[in-house]
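Each chain, written out:
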Amino acid sequence: MKIGLIVEGGGMKCAYGAGVLDGFLDENITFPYCIGVSAGAANTASYLAGQRDRNRRFYTEHIHEDGYFGMKNYLKDRNLFGLQYIYGNLTNSDGGDPLDLPKILSNPSVFVIVATNAKTGKPEYFHKEDLIQDDYRLFMASSCLPAACKPIEWKGQYYYDGGVSDSLPFRKAMEDGCDKVVAILSKPRDYVKEPEKARAFYTMACRRYPNTIHALNERHIRYNAQFSQLKHLEDAGKAFIFAPEGNIAMSTYGMDEAANQALYDQGLSHVQHYKDALSDFLCYT
């Protein structure tokens, strides 16, 4: 039975997923198929490279550095998150916290990255073989929040955040042959997505891409349906869900080191807490 891993995006809320993935590394838990969205894709990359603690640093240490986030970045080049800084200056082989791409490529796991085609508003799925050493535009594209960032060009097409079109890509995992999935979410189990805020702003900022605007307008409907379907899969024994819980502060744009560390620590602790149940799920055939 083929079991896939899906890792949701969500900006700084993905500190929780970083903890879960490091917990998986601690327990030598692997998957033959992994698919990640936005910051979840970047987290999955470090996991597949076996670089424990690397993700945590991006939520608790690098957030303090110039170029990572802020209005200064936005005024300079219309990117609230410094995608080039995060996935270039830091991530390149000569960067401040390099990603071990050769280790990812040698990992036997399939690795899929989700991005949204700006022109069509539809998801596109890239594989680790599409990654190029020191050219991590696919991670930038998957994490490119509409209006907060400029679309990312890749091979003549422009892309936005994968979560715009496919936040919880369990269907893609199953189309690719997975019988069951482990899902790492960035929102609590009782989360209900509301319509996107700042509609006038993103409508103006994305005016060249009406299909992206349409996808944003309907994102909450699509997301809530996916969330409900994932829970049905869990009830049927076909999904195992990790989700943050409690009163820990969470925000897509939260540059709070203590809050992000708390989310990370909770992710780590959840792996230990649910280790036996997860083992049963992974071993069931």
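Here the structure is a predicted model, which is why all the values come from computation and not from measurement. Sequence order sets the numbering: in each chain, residues are counted from 1 along the sequence as written. With the structure being a predicted model, the display of local features is reserved for residues of pLDDT at least 70 and the display and counting of side-chain atom pairs for 80 or more, all residues being used for whole-chain, interface and lining totals. Processing note: side-chain calculations cover all non-hydrogen atoms of the structure and skip hydrogens and water entirely.

A. Molecular detail of the overall build of the protein chain. Starting at the N terminus, helices and strands are each numbered in turn, a helix being any DSSP run of H or I of at least four residues and a strand any DSSP run of E of at least two. Scanning the protein chain for helices and strands turns up 13 helices and eight strands. For the radius of gyration, the atom set is restricted to C-alpha positions; the globular benchmark scales as 2.2 Å times the number of residues to the power 0.38. Taken over C-alpha atoms, the radius of gyration comes to 17 Å for the protein chain, in line with the 19 Å a tight globule of 285 residues would show. Taken along the three principal axes of its C-alpha coordinates, the protein chain extends 50 × 40 × 40 Å. Per-residue accessibility, obtained with a 1.4 Å probe over protein chains only, is compared with the maximum for each type, and a residue is labelled buried under 20%, exposed over 50%, and partly exposed between these values. Expressed as a percentage of its 285 residues, the buried residues of the protein chain come to 54%. With residues, only the protein chains shown are counted as cover, and all accessible areas are computed by Shrake-Rupley using a 1.4 Å probe. In the structure as shown, the protein chain presents an accessible area of about 12,400 Å², 51% of it carried by carbon and sulfur atoms. The sign given to each residue is positive for Lys and Arg and negative for Asp and Glu; His and the chain ends receive no count. Think of each charge as sitting on NZ of Lys, CZ of Arg, CG of Asp or CD of Glu. Across the protein chain, 31 positive and 35 negative side-chain charges occur, with their mean positions spaced 7 Å apart.

B. Spotlight on the packing of helix H10 (residues 210-217) against helix H11 (residues 219-235). Simply put, an axis is a line fit to the C-alpha atoms, just over the touching stretch for a helix, and the angle between two N-to-C directions goes from 0 to 180 degrees. Packing of H10 against H11 brings their axes to within 4 Å, and their N-to-C directions diverge by 55°. The pairing of H10 with H11 is recorded here as oblique in orientation. Residues Ala215, Leu216 and Asn217 of H10 pack against Arg219, His220 and Arg222 of H11. Classification convention: Asp, Glu, Lys, Arg as charged; Ala, Val, Leu, Ile, Met, Phe, Trp, Tyr, Cys, Pro as nonpolar; all other residues, Gly among them, as polar. Its residues assigned to classes, the contact of H10 with H11 comprises two nonpolar, two polar and two charged. Orientation labels follow simple angle bins: below 35 degrees gives roughly parallel, above 145 gives roughly antiparallel, 65 to 115 gives roughly perpendicular, and whatever is left gives oblique. Residue contacts are defined here by distance: any two heavy atoms, one from each residue, within 4.5 Å place the two residues in contact.

C. Seen up close, the environment of Val164. Within the fold, Val164 resides in the loop between strand E6 (157-161) and helix H8 (170-175). Sequence separation between Val164 and Asp176 is 12 residues, and the spatial gap between their C-alpha atoms is 21 Å.

D. A look at the pattern of salt bridges. Any carboxyl oxygen of Asp or Glu within 4 Å of a side-chain nitrogen of Lys or Arg constitutes a salt bridge here. One pass over the structure, following the stated rule, counts 14 salt bridges. A salt bridge links Arg57 to Asp53; its shortest N-O distance comes to 3.8 Å. Where salt bridges share partners, they join Asp53, Arg54, Arg56, Arg57, Glu61 and Asp97 into one cluster.

E. Layout of the nonpolar core. With 72 residues, the main nonpolar core has Leu5, Phe24, Phe31, Phe139, Val182 and Phe242 as its most contacted residues. Sequence-distant contacts of Phe31, defined by excluding residues within four places in its chain, comprise Ile3, Gly4, Leu5, Phe24, Tyr47, Ser109, Val182 and Leu282. To qualify as a nonpolar core, a set must consist of buried Ala, Val, Leu, Ile, Met, Phe, Trp, Tyr and Cys residues joined through side-chain atoms within 4.5 Å. Counting residues in each nonpolar core, the second largest holds 20 residues, with Val114, Leu168, Val181 and Phe227 among its members.

F. Structural detail: the packing of aromatic side chains. Working definition: rings of Phe, Tyr and Trp (its six-membered ring) pair if their centres are within 6.5 Å, and the pair is stacked with planes under 30 degrees apart, edge-to-face with planes over 60 apart, and tilted otherwise. Going through the model one piece at a time under the given rule, you end up with 16 aromatic pairs. On the numbers, 5.6 Å between centres and 75° between planes, the contact of Phe24 with Phe242 is edge-to-face. Residue Phe24 is found in helix H1 (residues 15-26), and its partner Phe242 is found in strand E8 (residues 239-242); the two are separated by 218 residues along the sequence. By relative accessible area, which is 1% here, Phe242 ends up buried. Consider the rings of Tyr160 and Tyr209, whose centres lie 6.0 Å apart with planes at 85°: the pair is edge-to-face. Within this pair, whereas Tyr160 is found in strand E6, its partner Tyr209 is found in the loop between helix H9 (199-205) and H10, the two being separated by 49 residues in sequence. For Tyr160, a relative accessible area of 2% translates into the label buried. Cluster of aromatic residues (ring-pair linked, three or more members): Phe24, Phe31, Tyr47, Phe240, Phe242, Tyr274 and Phe281. Only lysine NZ and arginine CZ atoms are considered, and such an atom sits over a ring when it is within 6 Å of the ring centre and within 35 degrees of the ring normal. The ring of Phe281 carries the charged tip of Lys180 above its face, separated from the ring centre by 3.9 Å. Directly above the aromatic system of Phe227 lies the positively charged group of Lys231, at a separation of 4.4 Å from the ring centroid.

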